[in-house]
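# Survey of secondary and tertiary structure
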Amino acid sequence: MLVLVAPGQGAQTPGFLTPWLELPGAADRVGAWSDAIGLDLAHYGTKADADEIRDTAVAQPLLVAAGLLSASALGSRTAFGAVSGHSVGEITAAAYAGVLSEAEALSFVRTRGLAMAEASAVTETGMAAVLGGETDVVVAHLEKLGLTPANINGAGQIVAAGTMEQIAALEAEKPEGSMKVVALKVAGAFHTHHMTPAVATLAKAAQALTPADPELKYVSNKDGLVVATGADVVARLVGQVANPVRWDLCMETFAALGVTGIIELCPGGTLTGLAKRALKGVPSVALKTPDDLEKAAALVAEHAA
């Protein structure tokens, strides 16, 4: 049972799109997407610095574009039994599962990025990963500081979100049993009440979509459930920006489905890293550059057989 996963914001690094644009037809596809959404994806994916691609309005479309490029390079979907995405990666997953067209996915994520950037500008907020510690203890500590456990990722990782003052307080006072607190490369407190203004904008944008039912098992990061209808997928995409990501529950669902392999779309590494700790023994491939496609193809062929 092969699972395809798509990473969320913070996975991007300067120049990460460069080698992918060398694939046949990739530059033309990215150029067309850029024209459609009014954002030069090729520039931001190849020449922009870390601060420029930290901008929410840039990072989110860039991540979905990279995910779609790397997914198409994998070829046939027939070997995959399930698909899931972390935060904005759910839009990539929805396109891969056939719920949204590529054009709809990019248009929707462009709206999402702009709406979340606007919501982030109201108050200076951020996110930080807490590594280690018992879940209940960490969550209680975050709530004491006024922070939200925005991403419960499993494998000993919980991401806190809130004002920069609250993040600073967390860095000064780590939860009991945790090893360290690491600030993330994001520009806002995503998946918290700070993003509530973006929900209404996305709800309006969703009215223009014509979702189809998923062609693969679509595992939602809201609660780890397999979602059967396109309408439900879109409703969850709208609401998730102001609600926590439960990647721990997604991995529990992968295990229950009998996962025997995981491939993470570009820019891969984060989700396969979590899987190595939470789903021990399950082989995985993270697509960082096209050089990783050969390893991914071998895993796909093994499952297709």
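Refer to the structure printed above.
Quick notes on the rules
- Residues numbered from 1 in each chain as written.
- Predicted model: local features only at pLDDT ≥ 70, side-chain atom pairs only at ≥ 80, totals over all residues.
- Heavy atoms only, no water.
- Helix = DSSP H or I, 4+ residues; strand = E, 2+ residues; numbered from the N terminus.
- Contact = heavy atoms within 4.5 Å.
- Core = buried A, V, L, I, M, F, W, Y, C linked by side-chain atoms within 4.5 Å.
- Buried < 20%, exposed > 50% of the residue type's maximum accessible area, 1.4 Å probe, protein only.
- Pairing = 2+ DSSP bridges.
- Axes fitted to C-alpha atoms, helices over the stretch in contact; angles between N-to-C directions.
- Expected span 1.5 Å × (residues − 1).
- Polar contact = N/O pair within 3.5 Å; in protein donor to acceptor, adjacent residues only side chain to side chain.

Our next topic: the environment of Met195. Of note, Met195 is situated in the loop between strand E6 (178–183) and helix H9 (196–206). A C-alpha to C-alpha distance of 29 Å links Met195 and Glu176, two positions 19 residues apart in sequence. Apart from the residues lying within four places of it in its own chain, the contact partners of Met195 are Met116, Ala119, Ser120, Ala189, Phe190, Val241 and Ala242.

Another aspect to go through is the nonpolar core. If you look at the biggest cluster of nonpolar residues, it comprises 77 residues, and the most contacted ones within it are Leu74, Phe80, Tyr218, Ile263 and Leu287. With 10 residues, the top contributor of residues to this core is helix H4 (residues 56–74). When neighbours within four sequence positions are excluded, Phe80 is seen to be in contact with Leu2, Val3, Leu4, Leu74, Tyr96, Leu216, Ile263 and Val300.

Here the focus is the sheet that holds strand E9 (residues 261–264). What the 6 strands build is an open sheet, ordered E8-E7-E2-E1-E9-E10; its pairing is mixed. The strands lining the two open edges of the sheet, one partner per strand, are strand E8 (226–227) and strand E10 (284–286). Relative to strand E7 (residues 217–219), strand E2 (residues 80–85) runs parallel, the two being bridged by 3 bridges. Looking across to E7, one finds that Val83 is bridged to Tyr218. Those strands touched by helix H5 (residues 89–96) are strand E1 (2–6), E2 and E7, and its axis lies near 150 degrees from that of E2. Packed on one face of the sheet, helix H13 (residues 293–304) meets E1, E2, E9 and E10 and runs near 145 degrees to E9.

In an α-helix, one full turn covers 3.6 residues, which means residues spaced three or four apart are oriented alike. Along its 19 residues, H4 runs 27 Å from first to last C-alpha, staying within 8% of the 27 Å computed at 1.5 Å per residue. Counting buried positions over the 19 residues of H4 gives 17, a clear majority of the element. Sitting at the amino-terminal end of H4 is Asp55, which places a side-chain oxygen 3.0 Å from the backbone nitrogen of Ala57. Two residues or fewer past H4, Gly75 is found with a positive phi of approximately 90 degrees.

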